[in-house]
Amino acid sequence: MRQRFTCAHEVTHTAFPGFVREARYRVDTAVGVNESRRDEEEFLCDYGAAALLMPRHLVVEEYTITAGLRDVERLARDADVSLEAAANRLIELADEPAVLLVFRWGHKPADMPALRRGEDVPERLRVRYCVARNLRFFLPKYKSADDDSVFVRALGSPRVERAVEPLPGGSTPFRVEAKQYPWGEERRVIAVATPVPAGIDG
């Protein structure tokens, strides 16, 4: 699945001006001299790969992020892409307000000096990235989830965990679905959240 997305990403590179002339090998010292432009191109190539493998006209009538992780899993299976690629595509095409969150268990960069000194710093479930659609919302990378949150419960459960609660660091309630999935030899939690309309308690 990851190989298919990578191939589609590389195909999209060919659409950019200067593709034939541009250095693309790590041994070339010229690579990386214009990081901001390369970062933008990498983002656009991911966008192009998603459009190639999950065309809008085939996705919007059959899948929606507001159906939660069920449709994320279904699109990943049907398009033969990773769960995160499917989730990101559904967020990108969403008409409704929604948030995608991906968590991993580990330390934040600020923990590193203490760890190097041999101090015992506990690991936490932390945000790897967060994407919001049709919402003014920002959640910083490495923000930790509360120990009693639906996200931490999902890490220890084989099922989809559901709750109405704020997202890490916030106070506004969201309707959340979260589930743990393997990530190499580790585990991650993928969650979809939608805001709760005012006056509705869940």
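Up top you'll find the structure we're talking about.
Residues numbered from 1 in each chain as written. Predicted model: local features only at pLDDT ≥ 70, side-chain atom pairs only at ≥ 80, totals over all residues. Heavy atoms only, no water.

*Asks:* Explain the overall build of the protein to me, please; I cannot follow it from the model alone.
*Replies:* Helix and strand counts for the protein stand at seven helices and five strands. Going from N to C terminus, the protein has its helices and strands arranged as α-α-α-α-α-β-α-β-α-β-β-β. The 202 residues of the protein split such that 38% are buried. (Helix = DSSP H or I, 4+ residues; strand = E, 2+ residues; numbered from the N terminus. Buried < 20%, exposed > 50% of the residue type's maximum accessible area, 1.4 Å probe, protein only.)

*Asks:* Looking at this model, I keep getting lost on helix α4 (residues 69-79). Mind explaining?
*Replies:* Each α-helix winds once per 3.6 residues, and so residues spaced three or four apart point in a common direction. If you check which residues of α4 are buried, you get Leu69, Asp71, Val72, Leu75, Ala76 and Ala79. Along the long axis of α4, the arc covered by the buried residues comes to 160°, so they all point the same way. Turned more than 90 degrees from where α4 packs its buried face, Arg70 and Arg77 sit exposed. In the stretch just after α4, aspartate 80 is the one whose phi turns positive, near 55°. (Arc of directions from axis to C-beta.)

*Asks:* Sorry if this is basic, but what is going on with the pairing of strand β1 (residues 98-106) here?
*Replies:* In the case of a regular strand, side chains alternate between the two sheet surfaces. Of all nine residues in β1, seven are buried; the element is thus mostly enclosed. The pairing of β1 with strand β2 (residues 124-133) spans nine bridges and is classified as antiparallel. Residue pairing across strands places valine 102 opposite tyrosine 129, the latter belonging to β2. (Pairing = 2+ DSSP bridges.)

*Asks:* Where do I start with the side chain of glutamate 161 in this structure?
*Replies:* You can see glutamate 161 is positioned in strand β3 (residues 161-166). A distance of 2.8 Å separates polar atoms of two side chains, one belonging to glutamate 161 and the other to serine 157. Those residues in contact with glutamate 161 that sit more than four places away from it in its chain are Val150, Arg153, Ala154, Val176, Glu177 and Ala178. (Polar contact = N/O pair within 3.5 Å; in protein donor to acceptor, adjacent residues only side chain to side chain. Contact = heavy atoms within 4.5 Å.)

*Asks:* What am I meant to see in the nonpolar core here?
*Replies:* Membership of the largest hydrophobic core comes to 25 residues, with the highest contact counts inside it found for Met54, Ile65, Val72 and Leu75. Contributions of two or more residues to this core are made by α4, α5 (83-93), β1 and β5 (186-195). The contact partners of isoleucine 65, leaving out residues within four places of it in the chain, are Val72, Ala87, Leu90, Ile91, Ala94, Ala98 and Val192. In terms of nonpolar packing, the next biggest core, distinct from the first, is built from 19 residues, Leu155, Leu167, Ala191 and Ala193 among them. (Core = buried A, V, L, I, M, F, W, Y, C linked by side-chain atoms within 4.5 Å.)

*Asks:* What is the right way to read the sheet that holds β3 from this model?
*Replies:* Where strands meet in a sheet, backbone hydrogen bonds hold them as pairs that are either parallel or antiparallel. The sheet built from five strands is open, its strands ordered β2-β1-β5-β4-β3 with antiparallel pairing. Across the chains shown, the open sheet's two edge strands, defined by having one partner strand only, are β2 and β3. Along the sheet, successive strands turn relative to each other by an average axial angle of 30°, direction set aside. Across the sheet, α5 touches β1, β2, β4 (173-183) and β5, and the angle it forms with β2 is around 35°. (Axes fitted to C-alpha atoms, helices over the stretch in contact; angles between N-to-C directions.)

*Asks:* Could you clarify how one ought to interpret the side chain of aspartate 111 in this entry?
*Replies:* With respect to the secondary-structure elements, aspartate 111 resides in the loop between β1 and α6 (112-116). Take aspartate 111: its relative accessible area is 9%, and that puts it in the buried class. Apart from the residues lying within four places of it in its own chain, the contact partners of aspartate 111 are Val121 and Arg126.

*Asks:* How should I be thinking about the environment of arginine 104 in this particular structure?
*Replies:* Among the structural elements, arginine 104 can be located in strand β1. The partly exposed category is assigned to arginine 104, whose relative accessible area is 24%. In the structure, arginine 104 is positioned 20 residues away from arginine 124 in sequence and 8.3 Å away in space, judged by C-alpha atoms. Setting aside chain neighbours within four positions, we find arginine 104 in contact with Arg124, Leu125, Arg126, Arg128, Trp183, Glu186, Arg187 and Arg188. A distance of 2.7 Å separates the side chain of arginine 104 from the side chain of glutamate 186, its partner in a polar contact.

*Asks:* Looking at this structure, I do not really get the packing of α4 against α5. What am I missing?
*Replies:* To characterise two packed helices, one gives the angle between the axes of the helices and the distance between these axes. Across the interface, α4 lies against α5 with an axial gap of 8 Å and an inter-helix angle of 115°. For the crossing formed where α4 meets α5, the hand is right-handed. Here α4 contributes Asp71, Val72, Glu73, Leu75 and Ala76 to the contact with α5, which in turn contributes Leu83, Ala86, Ala87 and Leu90. Tallied by class, the residues present in the contact of α4 with α5 amount to seven nonpolar, no polar and two charged. (Left-handed = near helix turned anticlockwise from the far one by under 90°. Nonpolar A, V, L, I, M, F, W, Y, C, P; charged D, E, K, R; others polar.)

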